[in-house]
Amino acid sequence: MNTTFTLDNLIRQNVKQLVPYSSARDEFSGNGSVFIDANENPYENGVNRYPDPLQNQLKKRLTQLKGVSPTRMILGNGSDEVIDLLFRAFCEPNKDNVVICTPTYGMYEVAANVNAIEIKEAPLDKDFQPNIDLVMDLSDENSKMLFLCSPNNPTANLYDEDRIVQLLKVFPGIVIVDEAYIDFAPGKSVLDKLEEYPNLVILQTLSKAWAMAGIRLGIGFASEEIVKVLNRIKPPYNVNSLTQTKALELLDDEARYLNQVNEILQDRQVLSKYLSGLSYVEKIYPTDANFILIKVNDAKELYNYLLEKGIIIRDRSKIVGLENCVRISIGTQEENKLLCKSLNEYNSKF
Ligand SMILES: *Cc1c(COP(=O)(O)O)cnc(C)c1O
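Counting restarts for each chain: residues are numbered from 1 in the order of the written sequence. Local features in this predicted model are restricted to residues whose pLDDT is 70 or higher, and side-chain atom pairs enter the listing and the counts only when it is 80 or higher, whereas totals over whole chains, interfaces and linings include all residues. Water and hydrogen atoms were dropped before computing side-chain values, which therefore reflect all heavy atoms in the structure.

Details of the packing of helix α4 (residues 79-90) against helix α8 (residues 224-233)
Moving on, step 1. Axis definition: a line fitted to C-alpha atoms, limited for helices to the stretch in contact. Angles are taken between N-to-C directions and run from 0 to 180 degrees. Only DSSP runs of H or I covering at least 4 residues are called helices, and only runs of E covering at least 2 are called strands; the numbering of each starts at the N terminus. Look at α4 against α8: their axes get within 10 Å of each other, and the N-to-C directions meet at 95 degrees. With respect to α8, the axis of α4 lies roughly perpendicular. Residue-level inspection shows L85, L86, R88, A89 and F90 of α4 in contact with α8, the latter providing I226, V229, L230 and I233. Each angle gets one of four labels, with under 35 degrees taken as roughly parallel, over 145 as roughly antiparallel, 65 to 115 as roughly perpendicular, and the rest as oblique. Contacts were defined at the residue level, with two residues in contact if any of their heavy atoms lie within 4.5 Å.

Remarks on the sheet that holds strand β10 (residues 314-315)
Moving on, step 1. Pairing is antiparallel in the open sheet, where four strands are placed in the order β8-β9-β11-β10. The open sheet has two free edges, formed respectively by β8 (281-284) and β10, since each of these has just one partner strand.
Moving on, step 2. Bridge count for β8 against strand β9 (residues 291-296) is three bridges, and the pairing is antiparallel. Pairing of K283 across the sheet is with K295, part of β9. Any two strands with at least two DSSP-identified bridges between them are counted as paired.

Regarding the pairing of strand β2 (residues 97-100)
Moving on, step 1. Relative accessibility thresholds used throughout: buried, under 20% of the residue-type maximum; exposed, over 50%; partly exposed, between the two (1.4 Å probe, protein chains only). Judged by which residues are buried, β2 turns out to be covered on both faces: N97 and V99 on one side and V98 and I100 on the other are all buried.
Moving on, step 2. Pairing of β2 with strand β3 (residues 118-121) involves four bridges; the strand directions are parallel. For V98, the partnering residue across the bridge sits in β3 and is I119.
Moving on, step 3. Here is how to tell: hold the view so the strands point away, follow the path from the first strand over the helix to the second, and if it runs clockwise the crossover is right-handed. Considered for its hand, the β-α-β crossover made up of β2, helix α5 (residues 107-114) and β3 is right-handed.
Moving on, step 4. Relative to strand β4 (residues 143-149), β2 runs parallel, the two sharing four bridges. Residue pairing across strands places V99 opposite L146, the latter belonging to β4.

Observations concerning the sheet that holds β2
Moving on, step 1. Strand order in the open sheet formed by seven strands is β1-β7-β6-β5-β4-β2-β3, with mixed pairing between adjacent strands. Of all the strands in the sheet, the pair left with one neighbour each is β1 (73-76) and β3. The mean inter-strand angle of the sheet, taken between neighbouring strand axes irrespective of direction, is 25 degrees.
Moving on, step 2. On the sheet, α4 packs against β1, β2, β4, β5 (174-178), β6 (200-205) and β7 (218-221) and is oriented at approximately 160 degrees with respect to β4.

As for α8
Moving on, step 1. Among the residues of α8, I226, V227, V229, L230 and I233 are the ones counted as buried. Across the axial projection of α8, the buried residues extend over an arc of 160 degrees, all falling on one side.
Moving on, step 2. Against α1 (13-17), β1, α4, β5 and β6 lie the buried residues of α8. Here the arc refers to the directions that run from the helix axis out to each C-beta atom.

Here we look at the site of the ligand
Moving on, step 1. Near the ligand lie 13 residues; those nearest to it are S79, T205, S207, K208 and R216.
Moving on, step 2. The contact in question runs from an oxygen atom of the ligand to an N or O atom on the side chain of N153, over 2.9 Å.
Moving on, step 3. At a separation of 3.2 Å, an oxygen atom of the ligand approaches a polar side-chain atom of K208.
Moving on, step 4. For accessible areas, the Shrake-Rupley method is used with a probe of radius 1.4 Å. Any residue's cover is judged against the shown protein chains and nothing else. Here the ligand, which alone exposes 390 Å², has 94% of that area covered by the protein. Throughout, the term near means that a residue has one or more heavy atoms lying within 4 Å of the molecule or strand in question. Polar contacts, as used here, are pairs of N or O atoms within 3.5 Å; protein pairs need one atom able to donate a hydrogen and one able to accept it. Residues neighboring in sequence count only if both atoms are side-chain atoms.

Some remarks on the environment of G78
Moving on, step 1. The topology assignment puts G78 in the loop between β1 and α4.
Moving on, step 2. On the basis of relative accessibility, which here comes to 0%, the residue G78 falls in the buried class.
Moving on, step 3. Taking the C-alpha atoms as reference points, G78 and R314, 236 residues apart in sequence, are found 21 Å from one another.
Moving on, step 4. If sequence neighbours within four positions are ignored, G78 has contacts with R216, L217 and G218.

Some remarks on the domain arrangement of the protein
Moving on, step 1. Residue ranges for the domains trace back to a domain assignment, done automatically or taken from a database. On domain assignment, one finds that the protein holds domain 1 (7-252) and domain 2 (255-347).
Moving on, step 2. Between domain 1 and domain 2, the C-alpha centre-to-centre distance is 29 Å.
Moving on, step 3. Counting from both sides, the interface comprises 18 residues of domain 1 and, opposite them, 20 residues of domain 2.
Moving on, step 4. When two parts are put together, the accessible area they lose, computed with a 1.4 Å probe and summed over both, is reported as buried area. Each partner contributes to the roughly 1600 Å² buried at the junction of domain 1 and domain 2, and carbon and sulfur atoms together form 68% of this total.
Moving on, step 5. The largest per-residue losses of area from domain 1 upon contact with domain 2 belong to P154, A156 and F184, which jointly make up 39% of the total buried on that side.
Moving on, step 6. Salt-bridge detection follows one rule: a side-chain nitrogen of Lys or Arg within 4 Å of a carboxyl oxygen of Asp or Glu. Here domain 1 and domain 2 share zero salt bridges between them.
Moving on, step 7. At the boundary of domain 1 and domain 2, one finds four residue pairs in polar contact (both at pLDDT 80 or more).

Describing the pattern of salt bridges
When charged atoms on two side chains of opposite charge get close, those side chains can pair.
Moving on, step 1. Summed over the entire model, instances satisfying the criterion amount to 19 salt bridges.
Moving on, step 2. Across the pair D80 and R216 runs a salt bridge, and its minimum N-O distance is 3.9 Å. One end of the pair, D80, is in helix α4; the other, R216, is in the loop between β6 and β7, and 136 residues separate them in sequence.
Moving on, step 3. Judged by relative accessible area, D80 falls into the partly exposed class, the value being 22%.
Moving on, step 4. Overall, the relative accessible area of 29% leaves R216 in the partly exposed class.
Moving on, step 5. K193 is the partner of D192 in a salt bridge, and the nearest nitrogen-oxygen pair spans 3.7 Å.
Moving on, step 6. Relative accessible area serves as the criterion here: at 58%, D192 is assigned to the exposed category.
Moving on, step 7. Under the relative-accessibility criterion, K193 is labelled buried at 13%.

This is how it looks when you write it as structure tokens:
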């Protein structure tokens, strides 16, 4: 338990007072057959109707997969939308702040800036783990949210569960654990902590392991109270009907998802091993995700070399603490082979 946590004190005043937009589909329940309530075009083409604003069918399927009740889920146009909703629900512009553990995913800071919220940076320790003392020293009565990204992007590692739990116990605001890459670390999710910690919000996404980055579907798991607040402020039709239909279709093939995750994990192992034999690779960081962070002798030069070959990696070397680091996603076996071939050619320069 976190004894200082009171949700009511965190919700923005205007959000508390807000009368949510009530859509035609919100107001209707029962069995209709003639829908002339929403000014839609009545001629069927598959997308002429507004989508279900609460995505009930999709949530039902996600409940089967995740073991979490639909009342504890908020779906967004990518988890990026859920991040933005959290800012808008809990952070008073030009007054509140959030704590992030750097280096980490860039969207937290962008969403904070868009919403005029101060960012407090608590650098990760030398093993890229959150520094609890630093987080607590930095936070004050206006610290509404703490972002923990586990496995972290771009450092690739999981955070120690003990530290996450410790922060859940002592941080005065909402603790958001972004598990975008959790499918690549089976058994490591903190979803099972949801009941015990009402200040916990977990973000997952269909963009990575589930191979649906293009349809934009993110999932927030939280207490029913937090979900209610987010539902009040979300755009009513934030997850479009093509996305809902496609997600349902692809979520049906759990075997394919599991096979691809396994394949990616094996190929990650192969690529790691290959990288370890290259003289200019100074460090391969431990990874719990579908990418590898490495430190090389000259990140910019390697980046440009691979670019010439048509291979695009992510240069992260401008980030404090990640000097000369690049991030490489695990591709198909064929793509990985092409990468290795080019990496080897580059090696012959040294
Ligand atoms: C890719 C990623 C996401 C996913 O965002 P979507 O909007 O769901 O595509 C979220 N968090 C982190 C840390 C990521 O790297």
